[in-house]
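# Architecture at a glance
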Amino acid sequence: MTSAHVPVGQAVTVLPRKRIRWGEVGVQALLFLAATVSVLTTVGIVLSLVLPATEFFREVSPWDFLTGTTWAPLFLDAQFGVVPLIVGTLMISFWSSLVAFPLGLGVAIYLSEYARDRVTRVLKPILEILAAIPTVVLGYFALTFVTPLLRDLGLDVEIFNALSASLVLGVMLIPTVASLSEDAMAAVPRDLRDGGYALGADKLQVSTRVVVPAAISGIIAAFVLAFSRAVGETMIVLIAAGQLAQITFDPRETIATMTAFIGATGNGDIPTGSIEYKTIFAVGLTLFVMTLVMNLVSIRLVRRYREVYE
Amino acid sequence: MTTLDAPIQMGRQRRVWRNRLFQGAMLFAMLVAFGTLAVLLVDTVVTGWPELDRQLFTEPPSTVAEEGGGRPAILATLYLGFLVLFMSVPIGVATAVYLEEYANRERWYNRLIEVNIQNLAAVPSIVYGILGLAFIVRGIGLGRVVLAGALILTLVVLPTVVVASREAIRAVPDSIRQGAYALGATKWQVVWRQVLPAAIPGMATGSILALSRAVGETAPLIMVGAVVYVAFDPTILGAYTALPVQIFNWTKQPDPTFQTLAAAGAIVLLVIVLSMNALAIFVRNRYRKRW
Amino acid sequence: MSVTADGSSTVGPFTTKAAEDWKAAGGSDVTVGISGTGGGFERFCAGETDISNASRPIKDDEAEICEQNGVEYVELRVAIDALTNVVNIENDWVDCLTVDQLSVIWGPRSTVKSWKQVDPSFPDVRLRLYGAGTDSGTFDYFTEAINGESGASRSDYSATEDDNVTVQGVAGDRGALGYFGFSYFEQNQSTLKALEVDGGDGCVAPSVDAAQDGSYTPLSRPLFIYVKRSSLEEKEDVRDFVRFALEKQQTIAQEALFVPMSREQIDEQLAKLESATS
């Protein structure tokens with residue numbers, strides 16, 4: 001029964017009488033079922049976070065949680081202010097974005113506007129390789145190579161510090177920013193560039209004043225995605241940034257991110273019951289909401305600033 | 001390209017310098033990206049080389065660093081890889097087919113599914129770990145076993161597989177479908193016999209890349225307790241520890257030999273992940289169809 | 001059917017070594033996790049593990065949960081530990097701390113940020129703290145012995161259930177101070193220095209002898225494993241493994257850099273095991 005799905009112009013074979021092809025119906029049902037897996041996943045995530053978090057918020061007021069500046073949930077005089085964890089997370093995201101945004105955009109402009117085809121064909125796969133490095137290896141690299149290097153360079157960093165993790169994370173995100181930005185720039189039609197050249201602009205001006213603004217929605221989406229990935233990153237910070245929940249804006253110090261807290265505390269067992277362990281879900285929920293909001297904002301931004309070239 | 005008196009006026013000298021500076025900046029960006037990659041690979045290989053021997057693959061881990069190996073972890077990672085492949089590809093492709101070929105975009109539930117997949121792709125992997133712990137390990141009581149880890153990793157990479165498959169299906173030109181319909185094929189016949197075969201290279205590429213990510217994931221597995229010390233080969237319903245988690249555990253141990261082991265494990269993991277990536281790139285280039 | 005053990009990261013290396021030797025002697029598979037003493041008990045009393053490694057005795061509320069869930073157990077001592085305070089090897093200004101000084105540093109209201117605040121004769125170096133997480137038996141024991149109440153501690157330090165991370169932290173920072181079980185110090189003597197502790201009778205260095213004869217106070221402590229009674233009865237492997245671990249305690253302890261028990265202490269535990277399984 002393909003009534004509503006008949007594409008225009010299809011030659012319809014006229015059957016003597018209508019017949020429901022049960023095979024087709026069955027297939028469609030099966031496919032729909034497969035598609036619902038993703039919905040169930042989201043439902044599962046929401047449930048597994050919200051239910052325990054609600055219990056948590058019955059004992060700890062959301063206000064104290066969101067505004068408190070001391071995070072000491074597992075100690076005798078327990079304090080549940082999540083601000084240090086958020087500050088830690090944002091510190092990492094900030095410093096890594098400082099690396100990833102300009103460098104990623106630079107790489108993108110180069111690949112899109114300057115590099116010859118042959119060069120691009122070689123470089124793009126290498127970028128993909130960089131993106132594919134497992135984060136545990138990156139964390140190990142940050143701890144055993146970058147931190148000693150920073151110390152040798154004279155920066156008095158603690159053994160676990162935000163800077164090493166941020167630098168490595170930033171480099172890891174360059175491919176993300178680069179590839180999405182490059183896609184956006186590739187979608188800008190030649191005519192716009194040609195128009196710029198015709199007016200006497202050079203390559204630099206065309207790239208930065210014509211192409212980039214035209215592709216800005218995709219570039220912003222790339223930035224937001226990279227930032228959101230930085231927020232959600234666990235292994236690099238768990239290995240190299242430390243577990244000391246404190247409010248500091250000095251990247252040379254030890255910090256704790258939301259993800260590191262979850263990873264370190266949930267290490268293998270989360271028993272049902274104690275308030276201490278429900279903190280994992282409260283923090284997890286905060287993290288989930290943050291990344292969700294960023295994702296929605298990114299979609300909005302893309303829609304708002306998208307230039308359509310048809 | 002002559003520089004006529006143009007609306008954008010600039011001294012020629014300045015122009016040249018600005019361009020040079022900009023090109024320098026871009027080159028710097030490339031240098032940082034590729035240079036870091038090179039340094040990382042070299043550092044890992046050089047550090048881990050001493051421990052990269054048969055023992056790494058044949059011996060279980062040990063408290064005595066010199067005697068330890070990563071055999072259970074490597075095996076478990078391979079098992080996980082296969083399980084994830086067999087679970088994520090069918091479901092992911094089926095979802096993509098549904099969304100691209102069958103779903104009526106006007107319906108609210110179909111739009112919901114689409115938005116949902118986009119959001120899932122942005123969820124941090126550790127949140128999947130929480131989900132897995134609550135529902136898979138505890139909820140249905142599967143426990144800390146390989147199958148549970150595989151299920152969670154499948155959920156992590158599913159959005160990626162779906163997105164890649166959708167793009168592959170979308171790239172198949174409509175004329176192919178139209179031709180098949182014109183010959184009297186049913187929708188499923190069109191999909192199964194025309195669209196999917198044409199989309200296979202794209203889907204394969206996406207699946208392999210998703211798989212390589214699954215193999216390298218650590219955070220979700222930590223949450224479901226890929227145990228610290230496992231000295232026996234993994235079975236699907238048995239306790240396990242995966243290679244990334246094993247590397248993580250070795251990294252934490254201050255004994256320099258363990259650090260070397262960590263680097264050696266990292267080499268193995270990199271080889272696995274990078275060869276999968278290379279395979280994906282190869283498939284993409286070889287079978288790239290020009291319509 | 002493998003034997004599952006989980007719990008203290010202090011006792012973990014001992015059980016792991018025992019498991020290795022056991023396997024080499026033809027025994028079965030044993031898995032060892034390090035969720036921390038508290039975490040181990042949670043799983044143990046939920047019936048998930050056969051053995052719970054613990055660096056402190058089971059608490060009353062934990063025992064109650066076990067009882068509620070019908071989990072009966074036998075408590076066995078497997079080693080003695082000298083809870084060691086460590087500083088970076090380049091720390092040349094302190095060799096011994098009194099319990100009071102430790103309490104000043106680690107107390108719940110403490111805001112000590114510099115070594116100079118501990119003792120005016122110390123240099124003004126930033127004091128960075130690394131220690132056990134709250135799920136750790138080491139934490140419970142240390143806070144009780146030093147601050148008088150289990151769980152009473154300042155919270156602004158790098159806390160972890162995995163003592164290896166503490167080792168890394170202290171080894172990487174000149175002004176650092178940390179604490180963990182003796183075996184972790186023994187394994188890292190090239191980068192760490194152990195402090196002597198004055199428990200009222202003068203400075204005593206942590207050592208095998210001082211732990212055994214009890215002169216290293218208040219930080220010598222017994223290390224335990226708790227074994228589920230039903231596992232002992234139903235799983236032969238569990239019974240044999242625990243017996244093996246006790247009988248070979250001295251060898252295992254030496255290999256894993258723990259403090260061995262005396263023959264009488266071992267026999268005492270073996271007797272306890274036998275009576276539990278009969």
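This one's a predicted model, so the numbers in the text were calculated from it and none came from an experiment.

Okay, the interface of chain A and chain B next. Listed per partner, the contact involves 84 residues of chain A and 86 residues of chain B. Summed over both sides, the interface of chain A with chain B buries roughly 7400 Å², with 74% coming from carbon and sulfur. Taken together, the links from chain A to chain B amount to 2 salt bridges. The partner of E128 of chain A in a salt bridge is R284 of chain B, and the shortest N-O contact between them spans 3.4 Å. Linking chain A with chain B are 11 residue pairs in polar contact (both at pLDDT 80 or more), by the criterion used here.

A few words now on the interface of chain C and chain A. Counting from both sides, the interface comprises 28 residues of chain C and, opposite them, 19 residues of chain A. Summed over both sides, the interface between chain C and chain A buries roughly 1800 Å², with carbon and sulfur atoms accounting for 51% of that surface. Inspection of the chain C/chain A interface yields 1 salt bridge. Between R128 of chain C and E158 of chain A there is a salt bridge, and its shortest N-O distance comes to 3.0 Å.

Turning our eyes to something else, we now look at the sheet that holds strand β7 (residues 128-132) of chain C. All names here are of chain C. With mixed pairing, 5 strands are arranged side by side in an open sheet as β8-β7-β9-β5-β10. Each edge of the open sheet is held by one strand with a lone partner, namely β8 (158-160) and β10 (192-194). Along the sheet, successive strands turn relative to each other by an average axial angle of 25°, direction set aside. Direction of pairing for strand β5 (residues 84-88) relative to β10: antiparallel, over a ladder of 3 bridges. Following the sheet pairing, V86 is matched in β10 by A194.

Let us now look at the side chain of S212 of chain B. All names here are of chain B. Here S212 is to be found in helix α8 (residues 187-216). A polar contact of 2.9 Å, which involves the side chain of S212, links it to the side chain of N277. When sequence neighbours within four positions are dropped, the list of residues in contact with S212 reads V273, M276 and N277.

All right, on to the domain arrangement of chain C then. Residues and elements named next belong to chain C. In terms of domains, chain C is made up of domain 1 (3-80 + 222-277) and domain 2 (84-213). Centre-to-centre, using C-alpha coordinates, domain 1 lies 27 Å away from domain 2. On the side of domain 2, 19 residues touch domain 1, which itself brings 20 residues to the contact. Counting each side, the surface lost to burial between domain 1 and domain 2 is near 1400 Å², with a carbon and sulfur contribution of 53%. Between R56 and D140 there is a salt bridge, with the nearest N and O atoms lying 2.4 Å from each other. In this structure, the connection of domain 1 to domain 2 is made through 7 residue pairs in polar contact (both at pLDDT 80 or more). Top contributing element to the side of domain 1 that touches domain 2 by residue count: helix α2 (residues 37-45), with 3 residues. For the side of domain 1 that touches domain 2, a count of residues per class yields 9 nonpolar, 9 polar and 2 charged.

Right, let's talk about a nonpolar patch on the surface for a bit. A contiguous nonpolar patch, built from V43, L47 and L51 of chain A together with F135 of chain B and spanning about 330 Å² of accessible area, is present on the exposed surface. At 3 residues, helix α1 (residues 22-59) of chain A tops the list of elements feeding residues into the nonpolar patch.

Moving on, we come to the domain arrangement of chain B. Residues and elements named next belong to chain B. According to the domain assignment, chain B consists of domain 1 (2-51) and domain 2 (54-287). Domain 1 and domain 2 are separated by 34 Å when their C-alpha centres are compared. Each partner contributes residues to the interface: domain 1 has 8 residues there, and domain 2 has 10 residues. When residues of domain 1 are sorted by the area they lose upon contact with domain 2, T44, T47 and E51 head the list and together hold 67% of the total.

Residues and elements named next belong to chain C. A large share of strand β4 (residues 73-82) lies buried, amounting to 7 of its 10 residues. In this sheet, strand β13 (residues 220-228) lies alongside β4 in antiparallel orientation, the contact comprising 9 bridges. Bridge pairing in β13 places L76 opposite I225.

On to the side chain of S93 of chain A. Residue and element names in this part refer to chain A. Mapped onto the elements of the fold, S93 is located in helix α3 (residues 83-114). The exposure class of S93 is buried, given its relative accessible area of 0%. Here T89 takes part through its backbone oxygen, which lies 2.8 Å from a polar atom of the side chain of S93. Residue contacts for S93: discarding those within four places in its chain leaves F227, A230 and V231.

With that settled, the discussion passes to the state of the cysteines. Residue and element names in this part refer to chain C. Tallying each qualifying case throughout the model produces 2 disulfides over all chains. Across the disulfide from C45 sits C66; the S-S distance is 1.9 Å. Residues C45 and C66 are joined through a disulfide that is left-handed, its torsion about the S-S bond being -80°. Of this pair, C45 sits in helix α2 while C66 sits in helix α3 (residues 60-68), and the two are 21 residues apart along the sequence. Here the two residues C45 and C66 agree in accessibility, since each one is buried. Between the sulfur atoms of C96 and its disulfide partner C203 the distance amounts to 1.9 Å. As the torsion about the S-S bond is roughly -90°, the C96-C203 disulfide counts as left-handed. With C96 in strand β6 (residues 96-98) and C203 in strand β12 (residues 203-204), this pair connects stretches of sequence that are 107 residues apart. On the accessibility criterion, C203 (40% relative accessible area) is partly exposed. If one numbers only the bonded cysteines of chain C, in the order they occur, the disulfide pattern is 1-2, 3-4.

Attention now goes to the pattern of salt bridges. Residues and elements named next belong to chain B. On inspection of all chains with the given rule, the structure shows 36 salt bridges over all chains. Salt-bridge contacts for D233 lead to R71; the nearest nitrogen and oxygen are separated by 2.6 Å. With D233 in the loop between α9 (219-223) and α10 (243-252) and R71 in helix α3 (residues 71-102), this pair connects stretches of sequence that are 162 residues apart. A residue is classified by how much of its surface remains accessible, and D233, at 33% relative accessible area, is partly exposed. Given a relative accessible area of 29%, R71 falls into the partly exposed group. Salt bridges here are not isolated pairs; linked through shared partners, they connect E100, E114, R166 and R170.

So, how was this worked out
- Numbering of residues starts from 1 in each chain and follows the order in which that chain's sequence is written.
- Note on labels: chains are lettered from A, ligands numbered from 1, in written order.
- Thresholds applied to this predicted model are a pLDDT of at least 70 for local features of residues and 80 or more for the giving and counting of side-chain atom pairs; totals over whole chains, interfaces and linings are not thresholded and use all residues.
- Heavy atoms throughout the structure, all of them, feed into the side-chain values; hydrogens and water do not.
- In this description, contact between two residues means that some pair of their heavy atoms is separated by no more than 4.5 Å.
- Buried area, as used here, totals the accessible surface that two parts lose on assembly, with accessibility defined by a 1.4 Å probe and the loss added over both.
- The term salt bridge refers to a side-chain nitrogen of Lys or Arg lying within 4 Å of a carboxyl oxygen of Asp or Glu.
- Definition of a polar contact: a pair of N or O atoms within 3.5 Å, with one able to donate and the other able to accept a hydrogen when the atoms are protein atoms, and with sequence-neighbouring residues admitted only if both atoms are side-chain atoms.
- Two strands are counted as paired when DSSP detects at least two bridges linking them.
- Note on conventions: DSSP H or I runs of at least 4 residues are helices, E runs of at least 2 residues are strands, and numbering of each starts at the N terminus.
- Axes, fitted as lines to C-alpha atoms, cover a helix only where it is in contact. Angles between the N-to-C directions of the axes lie from 0 to 180 degrees.
- Residue ranges assigned to the domains are those given by an automatic or database domain assignment.
- Side-chain classes are defined by residue name, with Ala, Val, Leu, Ile, Met, Phe, Trp, Tyr, Cys and Pro counting as nonpolar, Asp, Glu, Lys and Arg as charged, and the others, Gly among them, as polar.
- Patch membership is restricted to residues that have no salt bridge and whose relative accessible area is over 30%. Joining uses 9 Å for like charges and 5 Å for the nonpolar side chains Val, Leu, Ile, Met, Phe, Trp and Tyr.
- In short, Shrake-Rupley with a 1.4 Å probe defines the accessible areas, and a residue's cover is counted only from the protein chains shown.
- Burial here depends on accessible area, computed with a 1.4 Å probe over protein chains only, as a share of the maximum for the residue type. Under 20% is buried, over 50% is exposed, and the range in between is partly exposed.
- When the sulfur atoms of two cysteines come within 2.5 Å, that pair is taken as a disulfide.

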